[in-house]
Amino acid sequence: NSAVLLGPCAINLYGLPRSFRASVLPSLIRHVIRPNAGYGCDYYVHFDTAVTDAFNGRSDRGGALDPTEILSLKRAVLAVHRENDQQS
């Protein structure tokens, strides 16, 4: 058995919060937050408070822009960490 040394961990996110709660957050929980829950990562988010996308570089895929939805990330991280702590 080899010991694994864990150091500081940072998850950095950037972008428009398009359909964040409905599409992005479930994927982040599954692929980023849960797998990293045991590492004590800090989350940093840089996002624009725009409510419309003047330059749509995503081939007009649409999706509502609601910058307040990004606040649900903190609740999700805390909930997954609590869940992880209870299982430990």
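(A) Summary view of the state of the cysteines. What the rule picks out here adds up to one disulfide. One disulfide bridge connects C9 with C41, the sulfur atoms lying 2.0 Å from each other. Linking C9 and C41, the disulfide has an S-S dihedral of approximately 80° and is accordingly described as right-handed. With a gap of 32 residues between them, C9 in the segment before β1 (10-14) and C41 in the loop between α1 (20-33) and β2 (42-46) connect regions that are remote in the sequence. Grouping residues by exposure puts C9 and C41 together as buried.

(B) Inspection of the nonpolar core at higher detail. Core analysis: the largest hydrophobic core is formed by 15 residues, its most contacted members being F20, L25, I29, I33, Y43 and L73. Counting only elements with at least two residues in this core, the list comes to α1 and α2 (72-87). The dominant element in this core, judged by the number of residues it contributes, is α1, at five residues. Apart from the residues within four sequence positions on either side, F20 is in contact with L25, P26, L28, E69, I70, S72 and L73.

The rules we used
- Residues numbered from 1 in each chain as written.
- Predicted model: local features only at pLDDT ≥ 70, side-chain atom pairs only at ≥ 80, totals over all residues.
- Heavy atoms only, no water.
- Disulfide = S-S within 2.5 Å.
- Helix = DSSP H or I, 4+ residues; strand = E, 2+ residues; numbered from the N terminus.
- Buried < 20%, exposed > 50% of the residue type's maximum accessible area, 1.4 Å probe, protein only.
- Core = buried A, V, L, I, M, F, W, Y, C linked by side-chain atoms within 4.5 Å.
- Contact = heavy atoms within 4.5 Å.

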